Amino acid sequence: MGKRVAVVGVGMTKQRSSRPDVTGQELINEAVRAALEDAGISRRDIDAVVIGNMDHFEGINYVDTWSVDGSGALMKPIMKLTTGGTTGTTVAMAAYYHVASGLFDRVLAIGWEKNSESDTTGAIITAFDPFWDRPIFAGAVAGLALEATQYMHLTGATEEDAAYVAARERRHALNNPYAHLHINLTIEDIMNSPYLSWPVKMGDMCPRTDGACAVIFASEDVVDEFPSQPAWILAVADRHLWAYTSDPYVNQALENGWWFPALEWAAGEVYDKVGIRDPLKEIDVAELYLPYSFAGLRYMESLGFCERGGGPALVRSGATDMGGECPVNPSGGVMSSNAIGATGLLRVAECALQIQGRAGDRQVPEVKIALATGFGGCFWSDVLLMGREMPEKPRG
Amino acid sequence: MEDWRKGQEIVVMEGRIKVPYRWAAGEVGTRYLQALRDERKFLGTRCPGCGIVYHPPRRHCPDCGRECAEWVELGDRGTLVSYTVVHRHHPQLSPLPLPFGYGIVKLEGADTGFLHLLYEFGEGELEAGLPVEAVFAEEREGSVLDVRYFRPLREVG
Ligand SMILES: [Zn+2]
């Protein structure tokens, strides 16, 4: 039942604050050309294209057909997806589903965004409910700050703990020529940056970025055609749950929401499928969608890298730094580059490069298993586990 | 491509998409907003299976799928579950004086949270578990902004 699937080509643009020199289609094309070249194939070899972004960030609908000149999808099947912050991981998962189904052998996944072209906060509000959220909407940062406050209240974590994470991400980004921010912010710099929405400061947040990423997925039947070592998809999972901004914070059917059940359940599913019992030890590198610093504490707990409340001690131990037990975000992560539709797919692309040993100055030695995640809005999650060894049998 | 670029700015076209919409609250949302507007009352709906009282009201329980046909009157007081103090925000979206509080309030009798604004609090006064009360608008038109904001509960007397 089903085919085993590997990443066989990766392309990304340099992530930048603004790319006025190219249109969206041309930006997409940069990443697509790089991925095709990396895979040693031409666009004619591609059986289907999956593309994603957030429509209202550019104000362009019909991105599926509008992007054909850039994606090379002329007269091919295209699916376009939009799932908020998880868009890029959803694109990766949908490309994986295409190939795993046995219906397509070579599928091109594309995630992109030109955040410079709109008012991001003005555009994000359209993702929220017109009755219960929008009349009092105070922006994405305020929504994340509600999570940070509750996390601090329940665990005793501090703003300095969060600043440790933000400093780690910016330090790691210095090794990644594709990252948007190349600024070595210290914990002190982050602590001294102005409050946007207490306890979240400027230095705790991700930037707004223009960028694109393209990844080629291939079936086990054709994987030998490609020059680079395949980076296998071991398992994927996705959990959606809450509708409104206020839903996660009070007991609903799912116990207190602070421990992030969507991420915990999705991670639990991929660990079960692959047989991971001690994620911190068994996973060699993680590229996590951490939109702001506090996520780098709490999500470690939801991912089972430590027990609940153990996030600050884990990150302060250095276990998630380069050279640690499981380096998190060698690329610099989302706090260093956030072209929203590309962001999740970049996590998958970075995991592939790590597995293939092609990550340059940000390479973690001997990566056999890599973890990628996507995060969206009211705390939904995508989780992908990737590896160097072909799985014994296909699994979801 | 390079020569012509000397001294040239990239052409940037400014635009604004303004589309009118008409969002229907449905029967459940309308009953809730009507009670808020006309009687200054918060209503929730109870799931007959889980017993959870939803506020804002749900027509169907997101967990078990049963119809939540029973209406429950809630108090206009509650406790603060989480909060933030907003120092920067989008001036066109919410032209509110800065800084303002923004929090999740669990009303008396409800099991779920309600997102709203917070004002009239002292520095360091906000904390999880703080009792709060609703301050209603004089002019009410059937929106969650019929509640102007929540504030720390002031003892009567
Ligand atoms: Zn129920």
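Since this is a predicted model, take the numbers as computed values, not measurements.

Peer 1: Before we go on, may I ask you to explain the coordination of the zinc ion in this structure?
Peer 2: Ideal donor angles around a metal are set by the shape: a four-donor tetrahedron calls for 109.5 degrees, a six-donor octahedron for 90 or 180 degrees. Residues and elements named next belong to chain B. Around the zinc ion, the protein supplies Cys 47 (SG), Cys 50 (SG), Cys 61 (SG) and Cys 64 (SG) as donor atoms, at distances of 2.2 to 2.3 Å. Bound by four donor atoms, the zinc ion shows angles of 97 to 117° at the metal and therefore tetrahedral coordination geometry. The motif formed by the donor residues of the zinc ion, counted along the single chain, is C-x2-C-x10-C-x2-C. Of this pair, Cys 50 sits in the loop between β1 (42–46) and β2 (53–54) while Cys 61 sits in the loop between β2 and β3 (70–74), and the two are eleven residues apart along the sequence. A relative accessible area of 34% means that Cys 50 is categorised as partly exposed.

Peer 1: Is there a simple way to explain the nonpolar core in this structure?
Peer 2: Nonpolar side chains in soluble globular proteins tend to be buried together. If you look at the biggest cluster of nonpolar residues, it comprises 137 residues, and the most contacted ones within it are Ile 216, Tyr 271, Phe 305 and Leu 371 of chain A together with Phe 42, Tyr 102 and Phe 150 of chain B. In terms of domain composition, this core takes at least three residues from each of domain 1 (5–120 + 209–225) and domain 2 (128–207 + 232–387) of chain A. In contact with Phe 150 of chain B, not counting residues within four places along its chain, are Phe 42, Asp 76, Val 105, Leu 107, Phe 114, His 116, Leu 117, Leu 118, Tyr 119, Val 132, Glu 133 and Ala 134 of chain B. Of all hydrophobic cores here, the second largest spans 41 residues; its members include Val 10, Tyr 96, Phe 104 and Val 285 of chain A.

Peer 1: What should I look at first to understand the environment of Asp 63 of chain B in this one?
Peer 2: Residue and element names in this part refer to chain B. Looking at the element boundaries, Asp 63 is found in the loop between β2 and β3. A residue is classified by how much of its surface remains accessible, and Asp 63, at 48% relative accessible area, is partly exposed. Linking Asp 63 and Ile 104, residues 41 residues apart in sequence, is a C-alpha distance of 21 Å.

Peer 1: What is the right way to look at the confidence of the model for chain B in this model?
Peer 2: Low pLDDT marks regions whose predicted coordinates should not be analysed in detail. Summing up the model confidence of chain B, the mean pLDDT is 93 and the portion of residues at 70 or higher is 97%. Scored as a whole, the predicted complex attains pTM 0.97, and scored at its interfaces, ipTM 0.93.

Peer 1: Help me understand the interface of chain A and chain B in this model?
Peer 2: By a widespread convention, an interface's size corresponds to the accessible area lost as its parts come together. Taken residue by residue, the interface counts 39 residues in chain A and 42 residues in chain B. When the two sides are added together, the surface that chain A and chain B hide from each other amounts to roughly 3400 Å², 69% of it contributed by carbon and sulfur. Looking at the side of chain A facing chain B, the largest losses of area belong to Phe 131, Trp 132 and Ile 136 of chain A, adding up to 21% of the total buried there. Across the chain A-chain B interface, the total number found is one salt bridge. Residue Asp 247 of chain A is joined to Arg 58 of chain B by a salt bridge in which the shortest nitrogen-to-oxygen separation is 2.7 Å. Of all the secondary structure elements, the ones that give two or more residues to the side of chain A that touches chain B are α6 (120–124), α7 (140–155) and β5 (195–198) of chain A.

Peer 1: Would you mind going over the sheet that holds strand β2 (residues 48–52) of chain A with me for this structure?
Peer 2: The strands making up a sheet associate through backbone hydrogen bonding, with each pair oriented either parallel or antiparallel. Residues and elements named next belong to chain A. Pairing within the open sheet is mixed, and its nine strands lie in the order β3-β2-β4-β7-β1-β8-β11-β10-β9. Because the sheet does not close on itself, it has two edges, and the strands there are β3 (78–81) and β9 (285–287). Strand-to-strand twist in this sheet, taken as the mean axis angle between neighbours without regard to direction, amounts to 25°. Bridge analysis of β2 against β3 gives four bridges, and the strand direction is parallel. Among the inter-strand pairings, Gly 52 is bridged to a residue of β3, identified as Leu 81. Where helix α10 (residues 261–274) meets the sheet, its contacts fall on β8 (231–239), β10 (369–376) and β11 (380–387), and the angle it forms with β8 comes to roughly 145°.

Peer 1: Please clarify how unusual backbone geometry should be interpreted in this entry.
Peer 2: Outside of glycine, negative phi angles account for most residues, and trans bonds account for most peptide bonds. A cis amide bond links Trp 198 of chain A with the next residue in sequence, Pro 199 of chain A, at an omega value of 5°. Structurally, Pro 199 of chain A is set in the loop between β5 and β6 (200–201). With omega at -10°, the peptide bond leading from Leu 98 of chain B into Pro 99 of chain B counts as cis. Examined against the element boundaries, Pro 99 of chain B turns out to sit in the loop between β4 (77–86) and β5 (100–107). The phi dihedral of Arg 40 of chain B falls on the positive side, at around 55°, and the residue is not glycine. Taking the relative accessible area as the measure of exposure, Arg 40 of chain B reaches 36% and is therefore partly exposed.

Peer 1: Would you explain helix α2 (residues 26–39) of chain B in this entry?
Peer 2: Since the α-helix advances by 3.6 residues per turn, residues separated by three or four positions end up pointing in the same direction. All names here are of chain B. Along its 14 residues, α2 runs 19 Å from first to last C-alpha, staying within 8% of the 20 Å computed at 1.5 Å per residue. For α2, the full list of buried residues reads Val 28, Gly 29, Tyr 32, Leu 33, Ala 35 and Leu 36. Down the axis of α2, the buried side of the element spans an arc of 155°, and every buried residue falls inside it. Structurally, α2 contributes buried residues whose contacts are with β1, β3, β6 (114–118), β7 (131–136) and β8 (147–152). Positive phi shows up at Arg 40, right after α2, with a value of about 55°.

Peer 1: Hey, could you run me through the environment of Ala 370 of chain A in this one?
Peer 2: Residues and elements named next belong to chain A. Inspection of the secondary structure puts Ala 370 in strand β10. Taking relative accessible area as the criterion, Ala 370 reaches 0% and is therefore assigned buried. For Ala 370 and Pro 199, which are 171 residues apart along the polypeptide, the C-alpha to C-alpha distance reads 31 Å. Discounting chain neighbours no more than four positions away, the residues touching Ala 370 are Ile 283, Val 285, Cys 351, Ile 355, Leu 384, Leu 385 and Met 386.

Peer 1: Help me understand the sheet that holds β2 of chain B in this model?
Peer 2: Residues and elements named next belong to chain B. Taken together, the three strands give an open sheet; going across it, the order is β2-β1-β3, and neighbouring strands pair in antiparallel fashion. The sheet is open, and its two edges are formed by β2 and β3, each paired on a single side. Both β1 and β3 contribute to a ladder of five bridges, which runs antiparallel. Across the sheet, the residue bridging to Arg 46 is Glu 70, located in β3.

About the criteria used
- Residues numbered from 1 in each chain as written.
- Chains lettered and ligands numbered in written order.
- Predicted model: local features only at pLDDT ≥ 70, side-chain atom pairs only at ≥ 80, totals over all residues.
- Heavy atoms only, no water.
- Donors = N, O, S within 2.8 Å, 3.2 Å for Na, K, Ca; no water.
- Tetrahedral: all angles 85-135°; square planar, octahedral: opposite > 155°, others 65-115°.
- Helix = DSSP H or I, 4+ residues; strand = E, 2+ residues; numbered from the N terminus.
- Buried < 20%, exposed > 50% of the residue type's maximum accessible area, 1.4 Å probe, protein only.
- Core = buried A, V, L, I, M, F, W, Y, C linked by side-chain atoms within 4.5 Å.
- Domains from an automatic or database assignment.
- Contact = heavy atoms within 4.5 Å.
- pLDDT = per-residue confidence, 0-100.
- Buried area = accessible area lost by both parts, 1.4 Å probe.
- Salt bridge = Lys/Arg side-chain N within 4 Å of Asp/Glu carboxyl O.
- Pairing = 2+ DSSP bridges.
- Axes fitted to C-alpha atoms, helices over the stretch in contact; angles between N-to-C directions.
- Expected span 1.5 Å × (residues − 1).
- Arc of directions from axis to C-beta.

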